[in-house]
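# Residue-level structure breakdown
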Amino acid sequence: MPDFPAFDTDRFAAALHTAELGRDCRYVLETPSTMDLARTAASEGAPHGTLILAEAQTAGRGRRGRGFFSPPGGSLYFTLILRPSRDVYGRLPLAVPLAVCRACAHEGVDARIKWPNDIWVGERKLCGMLIDGETGPGGLTAYAGIGINVNADPTADPALRDTATSLARELGREVGRESLLARICDQLETVISAPESDLVDAYRAVSLVLGRRITVEEPEGAYEARALDIAPDGALVVEREGGERLTVLAADVSVRPDE
């Protein structure tokens, strides 16, 4: 691995203000995927809020089975194990990206949520995440897998040269990963229990897509529309040319240039 400061778990713990999230922090240098480690840990009884953190992933995954570039070099790749009620589980598609967006914005960037849960700065992707859930003998378990380009340079990958960014690239300085991760946990524990209307309003306020022309890509095909609203369950409400309104539950969305 390249020479960079290792994540300081003691500094992270000192910066944390949560009751549960992140209190059990399990740190490894490299793993195929923190999501896989989290599933194993959950099956062995890891408590709600357990954090699985790696310096690098060799087989990181994004939405729809896509790979997620996860090289060593000072970024954050982690999965939170959550054991929510069914009501709280329904809030995660809004609460998780909102918490990450707020924590990144606190560093001084204009972070926005590109539906459903990527974090962008301007026209470049800063963070991707994947939220999975399963029901077993112990009840409902959710996994929030998150990758944030903090101090590494994602443009070192030719495929990401024109589309990705990092906090360090945007700010011209390195960012303390420990305080950033602690703030994400703090924010998530706060927003996850907020009234539904407050949570939806807060998500809408930092949306990258609302009010803009977009292309929606679904398995059946792609179409152009305008993004109108975010529903309480995280669905995207759009209006196609001609006035037809649709509720999009799962799709890829790209923002079209403003006219």
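Residues numbered from 1 in each chain as written. Predicted model: local features only at pLDDT ≥ 70, side-chain atom pairs only at ≥ 80, totals over all residues. Heavy atoms only, no water.

Considering the arrangement of structural elements, one finds L188 in helix α6 (residues 177-191). Along the backbone, L188 and V100 are 88 residues apart, and their C-alpha atoms lie at a distance of 7.8 Å. Once residues lying within four places of it in the same chain are set aside, the contact partners of L188 are L21, L80, A95, V96 and A99. (Helix = DSSP H or I, 4+ residues; strand = E, 2+ residues; numbered from the N terminus. Contact = heavy atoms within 4.5 Å.)

Turning next to the packing of helix α4 (residues 92-106) against helix α7 (residues 196-205). One can describe the packing of α4 onto α7 by two numbers: an axis separation of 10 Å at closest approach and a directional angle of 50°. Here α4 lies oblique to α7, going by the angle between them. Once α4 is placed against α7, the crossing between them reads as left-handed. Every residue of α7 that contacts α4 at P93, L94, A95, P97, L98 and R102 is listed here: L199, V200, A202 and Y203. Among the residues making up the contact of α4 with α7, the classes are represented as nine nonpolar, no polar and one charged. (Axes fitted to C-alpha atoms, helices over the stretch in contact; angles between N-to-C directions. Parallel < 35°, antiparallel > 145°, perpendicular 65-115°, else oblique. Left-handed = near helix turned anticlockwise from the far one by under 90°. Nonpolar A, V, L, I, M, F, W, Y, C, P; charged D, E, K, R; others polar.)

Taken in spatial order, the seven strands make up an open sheet running β1-β2-β3-β7-β6-β5-β4, and their pairing is mixed. Single-partner strands in this sheet number two, and they are β1 (25-31) and β4 (111-114). Geometrically, the sheet is characterised by an average inter-axis angle of 20° between neighbouring strands, direction not taken into account. In this sheet, strand β7 (residues 139-148) lies alongside strand β3 (residues 76-82) in antiparallel orientation, the contact comprising seven bridges. Within β7, the residue paired with L82 across the bridge is A142. (Pairing = 2+ DSSP bridges.)

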